[in-house]
2 protein chains.
Amino acid sequence: MSISVSIVEDDARVRASLARLIDSAPGFRCVSNHSSAEDALKEIPKFKPDVVLMDINLPGINGVECARQLKPQLPATQIIMLTVYQNTEHIFNALAAGATGYMLKQTPPVELLAAIKEVNAGGSPMSGHIARKIVQSFQQPVNDSPEAQSLSPREAEVLDLLAKGFLYKEIAESMKVTYATVHTHIRHIYEKLHVRSRTEAVAKHLNQNRPRRELAAQP
Amino acid sequence: MSISVSIVEDDARVRASLARLIDSAPGFRCVSNHSSAEDALKEIPKFKPDVVLMDINLPGINGVECARQLKPQLPATQIIMLTVYQNTEHIFNALAAGATGYMLKQTPPVELLAAIKEVNAGGSPMSGHIARKIVQSFQQPVNDSPEAQSLSPREAEVLDLLAKGFLYKEIAESMKVTYATVHTHIRHIYEKLHVRSRTEAVAKHLNQNRPRRELAAQP
DNA sequence: GGTGCTATCCCCATAACTGGCGATGGCCGG
DNA sequence: CCGGCCATCGCCAGTTATGGGGATAGCACC
């Protein structure tokens, strides 16, 4: 059975050439193509393609948002974003929106077909530098938070308990010191972190230990 | 200039066959091979290879830990993990430890050479299903936090500002309502979230909106 | 042996938060 | 049309946190 593909791309020439590429390749067929996200959202669910090639930069609703709305309706369909954007924000948003592949438009036709095959086989094709960026997001958050981590061990301990929502007096008990000591530690923490409230400190703390990545931006 | 490769692999036969593969391929040379992480840590820095192929399952220090210690010394060297493990924990730990590629041992020789070339060119080669797992970690964690998300839009808004460390009165201004209203919203939030303090609520909130992934486990 | 940092403790005043009890009006669904 | 939820507002009492001011002791480093 050949792999069915839908295309979402506003540039008529690019759209046509993609369709031609896919239809002429053995094992692939282009079942539909769409010039806008609105059209894609209406039509693609009827075709239930195996794979969707989605441009990001569409007029009106963009490709990321289109993917976000399409994916829940077609969980079995794999979406490959096809774009010129290489910045991490676009990449992460696209993946969070449900895309499973992310290829640059400059990708040669042969590789594009390989990518479609791969995504259909359970993989996640990505252009080389894109993959590298994704992998880098796993790497050490370069946790040199500018000012902060000069916190002493004891202070860090306090902050940790603070983050769990304990009261000063509970922290005091838990650390076997008096309320006053906790108080002092916390004042020092505030100074070092340049914050004015417990919650800010906690937010900073949590963001430091997991600054992985932003949530998908809402359109 | 050919790509220099070091191998870390405890199985002598596998090690030898990898070395043979690399040395016989044009454009690649195997500059060293090591049967243990200890040996690798001592020797590899002398060779400064372009790429290291690293087995995960080593006796003594494992491959992930070896990568973690090696990478800071050789920031320009790319590490490809080469293993049989497909579980997400190993993958994430390896990437967090500084690996830039993650290939399964069953990968055919041609693809392995391609992977070495790709990692050297700034990419991040990964076996298909591995890549998919990584991408999935970006996707919505199906955020059905048990009790919570019955927060009304307005309440969610308040909680968000709360998490940023604003005072009630600042939130009130920002939302164009009175202090009393903020107060009430917050009381409702506390009830719904079953917490007794602002910080607990924030902690719950932050944990909900970004339970992305665990930090790399320390060995 | 002094200087600096950490950890420990104390007091005090102000400001902010928490948690009761209400209350009004709007909107929705039975 | 009533009950339920939401959003808005108010008052009050009690608790907690914040931000000053100290102080002492240990430890390390020069």
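Above this text is the structure in question.
As a convention, each chain's residues are numbered from 1 in the sequence order in which they are written. All chains are assigned letters beginning at A, and all ligands numbers beginning at 1, according to the order in which they are written. Reporting in this predicted model follows two pLDDT cut-offs: at least 70 for local features of residues, and 80 or more for side-chain atom pairs to be given and counted; totals over whole chains, interfaces and linings ignore these cut-offs and use all residues. With hydrogens and water stripped out, all remaining heavy atoms of the structure feed into the side-chain values.

> Help me understand the sheet that holds strand E3 (residues 51–55) of chain B, please; the structure alone is not making it clear to me.
Consider a sheet: its strands pair through backbone hydrogen bonds, and that pairing is either parallel or antiparallel. All names here are of chain B. One open sheet holds the 5 strands; their spatial order is E2-E1-E3-E4-E5, and the pairing between them is parallel. Bordering the open sheet on either side are strand E2 (28–34) and strand E5 (101–104), each of which pairs with just one other strand. Taking the axes of each pair of neighbouring strands and ignoring which way they run, one obtains an average angle of 25° across the sheet. What makes two strands pair is DSSP finding at least two bridges between them. For the purposes of this entry, the term helix denotes a DSSP run of H or I that reaches at least four residues, the term strand denotes a run of E that reaches at least two, and both are numbered from the N terminus. Across 4 bridges, strand E1 (residues 3–8) lies against E3 in parallel orientation. Of the residues in E3, the one forming a bridge with valine 8 is methionine 54. The convention used is that axes are lines fitted to C-alpha atoms, helices contributing only their stretch in contact, and that angles between N-to-C directions extend from 0 to 180 degrees.

> Just to check I follow, could you spell out the protein's contact with DNA strand C for this structure?
Neighbouring residues are identified by heavy atoms, a residue being near a molecule or strand if any of them is within 4 Å of it. Close contacts around DNA strand C come from 19 residues, with Ser152(A), Thr178(A), Thr181(A), Tyr168(B) and Arg198(B) the closest. Of what DNA strand C places within 4 Å of the protein, 63% of the atoms are sugar or phosphate. A distance of 2.6 Å separates a phosphate oxygen of DNA strand C from a polar backbone atom of Thr178(A). Identification of polar contacts relies on pairs of N or O atoms within 3.5 Å, with a donor-acceptor requirement for protein atoms, meaning one able to donate a hydrogen and the other able to accept it, and with residues adjacent in sequence counted only if both atoms are side-chain atoms. Side-chain polar atom of His185(A) to a phosphate oxygen of DNA strand C: 2.8 Å apart, as the coordinates give it. Elements supplying a minimum of two residues to the surface near DNA strand C: helix H7 (153–163) and helix H9 (179–193) of chain A together with helix H8 (168–175) and helix H9 (179–193) of chain B.

> Sorry if this is basic, but what is going on with H9(A) here?
Residues spaced three or four apart along an α-helix face the same direction, because each turn holds 3.6 residues. Each helix should span, by expectation, one fewer than its residue count multiplied by 1.5 Å. Taking 1.5 Å per residue as the helical rise, H9(A) with its 15 residues ought to reach 21 Å, and the 21 Å between its terminal C-alpha atoms agrees with that figure. Phi turns positive one or two residues past the end of H9(A), at His194(A), with a value near 55°.

> Would you mind showing me how to read the protein's contact with DNA strand D here?
Around DNA strand D there are 21 residues in total, and Tyr168(A), Tyr190(A), Arg198(A), Ser152(B) and Thr178(B) lie nearest to it. The sugar-phosphate portion of DNA strand D accounts for 64% of its atoms within 4 Å of the protein, the bases making up the rest. Measuring from a phosphate oxygen of DNA strand D, one finds a side-chain N or O atom of Lys169(A) at 3.4 Å. Elements that contribute at least two residues to the surface near DNA strand D include exactly helix H8 (168–175) and H9 of chain A together with helix H7 (153–163) and H9 of chain B. With 6 residues, H9(B) is the largest single contributor of residues to the surface near DNA strand D. Split by residue class, the surface near DNA strand D holds 7 nonpolar, 7 polar and 7 charged. Charged means Asp, Glu, Lys or Arg here, nonpolar means Ala, Val, Leu, Ile, Met, Phe, Trp, Tyr, Cys or Pro, and polar covers whatever is left, Gly included.

> Please explain unusual backbone geometry as it appears in this structure.
It is generally the case that most residues other than glycine have a negative phi and that most peptide bonds are trans. Residue and element names in this part refer to chain A. Despite not being glycine, lysine 176 has its phi angle at roughly 55°, a positive value. As for its position among the elements, lysine 176 is in the loop between H8 and H9. At histidine 194, a residue that is not glycine, the phi angle is positive and equals roughly 55°. Here histidine 194 shows up in the loop between H9 and helix H10 (198–209).

> Could you clarify how one ought to interpret the layout of surface pockets in this entry?
Left-over empty space is what a probe sized like a water molecule reveals as it rolls over the atoms. Cavities and pockets are found on a 1 Å grid laid over the protein atoms alone: a cavity is a set of points where a 1.4 Å probe fits but cannot escape, a pocket is an open set with protein on both sides within 12 Å along at least five of seven lines, and a lining residue has an atom within 4 Å of such a point. Grid points are joined across faces, edges and corners, and a volume is the space filled by probe spheres set on the points. In this structure, the largest pocket encloses a volume near 1000 Å³. In this structure, the largest pocket is lined by 39 residues; those nearest its centre are Glu118(A), Pro125(A), Met126(A), Glu118(B) and Met126(B). Breaking the lining of the largest pocket down by element, the ones donating at least two residues are strand E5 (101–104), helix H5 (109–120) and helix H6 (128–136) of chain A together with E5, helix H5 (109–120) and helix H6 (128–136) of chain B. Among the elements that make up the lining of the largest pocket, the one with the highest residue count is H5(A) (5 residues). Grouping the constituent residues of the lining of the largest pocket by class yields 18 nonpolar, 16 polar and 5 charged.

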